[in-house]
Amino acid sequence: QAQKTPPHTSSAATRLVQTSRAWLSMGGGERGGYAEGVRFDEELQVPVRDIPRLRYPDDFTPDRFEREFASRSEPCIIEGLVDDWPAVSDSERTWRDSRRWEEMMGDQMLDCGFDPVDSRMMHFGDEEGEPSVLFNPGRLRLPAWAFLEVARIRQEILRLRRTDCDVDLSNNAALKERLNRGITVQNMPFLNVDEGSPLQYFAPIACRMRDLVPLSFYLSHDTFGLPREMQEDVAPQAPKLIAGWASPNSSRIWTTNGAPWHVPYPPWSDDVVPEPGDDSMIYSCFHCDRMENLHSIIAGEKRVVLVPPGQKDVLSATRYAVQRQWLAASVTSPNGNAQYLGSTMFTSKQTECTSDQSAVHPFRSPETNRKVSQGAWPDGVDFPVRVGRLKKGDTLYIPAYHWHWVATSTPPTLGLDDEGPLAVSVNFWWWPIHNDAAMERWSFQNEQESWRNARSKLPADLPVPDRDVHGASFRRLMARQRQEGQVPKPWPQRSAQPSRPSAGGGTPAAPPPTSYASACSGGSASGRTAQGAAGGSSAAGGAAVPHSWEEVEDARSQDRDPLRPSPARVGLGSSQPSSGPEVACHASSGGGDALLQSRTAGGCPVDGLFYEVVD
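Keep in mind the model is a prediction, meaning the values are calculated, not measured.

K.L.:
Can you help me understand unusual backbone geometry in this one?
P.N.:
As a rule of thumb, non-glycine residues mostly have phi less than zero, and peptide bonds are mostly trans rather than cis. Backbone torsion omega between Trp377 and Pro378 reads 5°, so that peptide bond is classified as cis. Residue placement: Pro378 occurs in the loop between helix H9 (366-372) and strand E20 (385-390). The peptide bond linking Trp491 to Pro492 adopts the cis configuration, its omega dihedral lying at -5°. Here Pro492 is to be found in the loop between helix H11 (467-485) and helix H12 (516-520). Phi angles above zero are rare outside glycine, and Ala246 is one such case at about 55°. Positionally, Ala246 belongs in the loop between helix H8 (228-231) and strand E12 (250-256).

Structural data, given as structure tokens:
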């Protein structure tokens, strides 16, 4: 390695010193190389170890997964684990074909995360010259058929560009008609909305499909909120591997049309076509969950990088930053006779993200990563990070507290037109049953690092992380969640609203908000089945269901005991108050672990904090 000058590196001698340190720390010094199974990755510029790949059921004995992976907090990739899912293997029910979604979801409304310019769904503003700002995705409410149509239009444009670099709409009347089809969409809060927020942007917006095609959408949908027929297309994976995990805590579907595309000029014209962007992949920045995660790929591919817990801080992650959210905005053309969909942002009074985030991007240059990590990445990485590639049918086991970074590619960008227009995956979470002492340490370490790495001024009333308080809270939370996890939950877990065929026009958008409270709830008190990025609440049948993804339970923002009911559930599409028995927090990240601490936050409760009713 020392004889080569890796990409982006100005000094081979400098790399030699750094690499030698890594050799020593990984037991390779005496042999003059890395430890067995470890190599230096020229692209990532850090030592790596491939995530083990096994085949189910050939490579598994009844206790192997628990003995070699779960009990040791070691990740693995499992082929064939979900081959029996109809969503994967049944030609009539496969989720790779958007027809299944359209047949089952119809014109139900979805709240989709979106970014108009960046392929990272959440990122700090270092490159924009605003390092204290965390740019959060927007959240746009639109009918399911429109979300699917955006991806299908992209797929058609990519197909046409393989023969003609420039797509001429004069020769493609059908595509022109699809691009110019009218639709009504509506911004929804991702961050706290308060009395100072620009409420006018949360009113319904008339636009055309061409306005939506350039947007990068990432739908995070509660699996328990699907129509029953679609719930039967998938199933929790753990019963095949480990009985001790019992019932899953929560589950989500992850669906994206890919990275942002270029907005055509002039954007209000009927005759121009959106063009693919410079990057075809969409990225989930480094974050971690405190639950065991089995993540299965239905369509598309993913590259993953995992940083094991308990290592020194090389990510400089934090949740403390100025919080800013994207909004879609109607713009009038210069001559005043046409409109198109542009974008703007608003800054929330919220001072914390709902999970710790890192600005380290493994595909960026070492110089860029040094700047955002206080010099820690890649130079300080003297241990092997885990890397892997996931394809259709693969399941990744991400142990609790492993930091993970994910790059997703859609089938059309891979030239796999037969695999559908969207990248689709499903994961289930379980509360861990192993390594309590280690996980308590990892959790508290994350809390301390989030505090140290804060990018904005910490609230004056925010207490310093305390090990004893944290430990007591951790143990109480784990005990309650394990007790709940032992309650058998048949699958499908509940009866959802019946599926509705698409009428093609979509469900009307909610009325404009009249206050910041109604803006938070979507301007309507009625529950909705389909939920979008960063969670939400499905009110079908009045039942509370689990909602959690890469988000952290942060009780401080609620000024309450986290194990008591929230004063209001202000999630996606629901303004129904919580009531009844105690609630258990779905804590999905390493941050926010001093669960018994609290402080007052103005405005609406932080969205993304979800609770499951328990006895």
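K.L.:
Is there a simple way to think about the packing of aromatic side chains in this case?
P.N.:
Each aromatic ring pair is specified by the distance between its two centres and by the angle formed by the two planes. Going through the model one piece at a time under the given rule, you end up with 21 aromatic pairs. Between the aromatic rings of Phe202 and Phe346, the centroid separation amounts to 6.1 Å while the plane-to-plane angle is 80°, which identifies the pairing as edge-to-face. Residue Phe202 is found in the loop between strand E9 (182-187) and strand E10 (205-208), and its partner Phe346 is found in strand E18 (residues 339-347); the two are separated by 144 residues along the sequence. Of the residues examined, Phe202 reaches a relative accessible area of 1% and is grouped as buried. Assessed through its relative accessible area of 3%, Phe346 is described here as buried. When the ring of Phe428 is compared with that of Trp491, the centres are 5.5 Å apart and the planes differ by 75°; the resulting orientation is edge-to-face. Of this pair, Phe428 sits in strand E23 (residues 423-430) while Trp491 sits in the loop between H11 and H12; the two residues are 63 residues apart in sequence, bridging distant segments of the chain. Its relative accessible area of 23% is what places Trp491 among the partly exposed residues.

K.L.:
Can you walk me through H11 in this structure?
P.N.:
Residue pairs three or four apart in sequence face the same way in an α-helix, which turns once every 3.6 residues. Under the 1.5 Å per step criterion, the end-to-end length of H11 is 26 Å for 19 residues, consistent within 8% with the ideal 27 Å. The residue sitting at the N-terminus of H11 and contributing the capping side-chain oxygen is Asp466; that oxygen lies 3.1 Å from the backbone nitrogen of Asp468.

K.L.:
Sorry, what's going on with the pattern of salt bridges here?
P.N.:
Per the counting criterion, the structure on display carries 41 salt bridges. One salt bridge connects Asp271 with Lys176, and the closest N-O pair in it is separated by 2.8 Å. Residue Asp271 is found in the loop between E12 and strand E13 (282-287), and its partner Lys176 is found in helix H6 (residues 173-179); the two are separated by 95 residues along the sequence. Judged by its relative accessible area of 29%, Lys176 is partly exposed. Linking Arg208 and Asp270 is a salt bridge whose minimum nitrogen-to-oxygen distance equals 2.2 Å. Of this pair, Arg208 sits in strand E10 while Asp270 sits in the loop between E12 and E13, placing them 62 residues apart in sequence. For Asp270, a relative accessible area of 36% puts it in the partly exposed group. Each of Arg53, Arg55, Glu79, Asp83 and Asp394 takes part in one network of salt bridges that share partners.

K.L.:
How should the sheet that holds strand E6 (residues 123-125) be read in this particular structure?
P.N.:
Neighbouring strands of a sheet are bound in pairs by backbone hydrogen bonds; such pairs are parallel or else antiparallel. The strand order across the open sheet formed by four strands is E6-E7-E17-E18, and the pairing between neighbours is mixed. Strand pairing shows two members of the sheet lacking a second neighbour, E6 and E18, which therefore form its edges. Taken pair by pair, the neighbouring strands of this sheet meet at an average axis angle of 40°, ignoring direction. Where strand E17 (residues 322-332) lies against E18, nine bridges are found, and the strand directions are antiparallel.

K.L.:
Could you clarify how one ought to interpret the pairing of E20 in this entry?
P.N.:
The two faces of a sheet get side chains in turn, since along a regular strand they alternate between them. Taken across its six residues, E20 has five buried, putting it largely inside the fold. The sheet contact formed by strand E15 (residues 301-307) and E20 spans five bridges and is antiparallel. What sits directly across from Val305, in E20, is Val387.

K.L.:
It is not clear to me how the pairing of strand E11 (residues 216-222) should be interpreted in this structure. Could you clarify?
P.N.:
Summarising burial for E11: seven of the seven residues are buried, a large majority. Taking every second residue as pointing to the same face, both faces of E11 are buried, with Ser216, Tyr218, Ser220 and Asp222 on one and Phe217, Leu219 and His221 on the other. Alignment of strand E5 (residues 109-115) against E11, held across three bridges, turns out to be antiparallel. Looking at the pairing, Gly113 lines up with Tyr218 of E11. Sheet topology note: the E11/E12 ladder contains five bridges and is antiparallel. Residue Tyr218 lies in a different strand from E12, and its bridge partner there is Thr256.

K.L.:
Help me understand the sheet that holds E9 in this model?
P.N.:
Pairing is mixed across the open sheet formed by eleven strands, whose spatial order is E3-E4-E21-E14-E23-E12-E11-E5-E8-E9-E10. Each of the sheet's edge strands pairs with one partner strand only, and the pair in question is strand E3 (53-55) and E10. Strand after strand, the sheet turns through a mean of 30° between neighbouring axes, direction not considered. Note: E3 against strand E4 (residues 76-79), three bridges, orientation parallel. Bridge assignment links Leu54 to a residue of E4, and that residue is Ile78.

K.L.:
Just to check I follow, could you spell out the nonpolar core for this structure?
P.N.:
Side chains that are nonpolar tend, in soluble globular proteins, to be buried together. Phe65, Trp95, Phe147, Leu212, Phe217 and Trp245 are the most contacted members of the largest nonpolar core, which totals 68 residues. Sorting elements by how many residues they give to this core places helix H5 (residues 144-161) first, with eleven residues. Not counting chain neighbours up to four residues away, the residues in contact with Phe65 comprise Phe60, Ala70, Cys76, Ile78, Leu241, Ile242, Trp245 and Tyr397. Counting 35 residues, the second largest nonpolar core, distinct from the first, contains Leu44, Val305, Ala317 and Phe346.

Basis of the calculations
- Residues numbered from 1 in each chain as written.
- Predicted model: local features only at pLDDT ≥ 70, side-chain atom pairs only at ≥ 80, totals over all residues.
- Heavy atoms only, no water.
- Helix = DSSP H or I, 4+ residues; strand = E, 2+ residues; numbered from the N terminus.
- Phe/Tyr/Trp six-rings, centres within 6.5 Å; stacked < 30°, edge-to-face > 60°.
- Buried < 20%, exposed > 50% of the residue type's maximum accessible area, 1.4 Å probe, protein only.
- Expected span 1.5 Å × (residues − 1).
- Polar contact = N/O pair within 3.5 Å; in protein donor to acceptor, adjacent residues only side chain to side chain.
- Salt bridge = Lys/Arg side-chain N within 4 Å of Asp/Glu carboxyl O.
- Pairing = 2+ DSSP bridges.
- Axes fitted to C-alpha atoms, helices over the stretch in contact; angles between N-to-C directions.
- Core = buried A, V, L, I, M, F, W, Y, C linked by side-chain atoms within 4.5 Å.
- Contact = heavy atoms within 4.5 Å.

Note that every value here comes from positions in space, so none of it alone points to a role or purpose.
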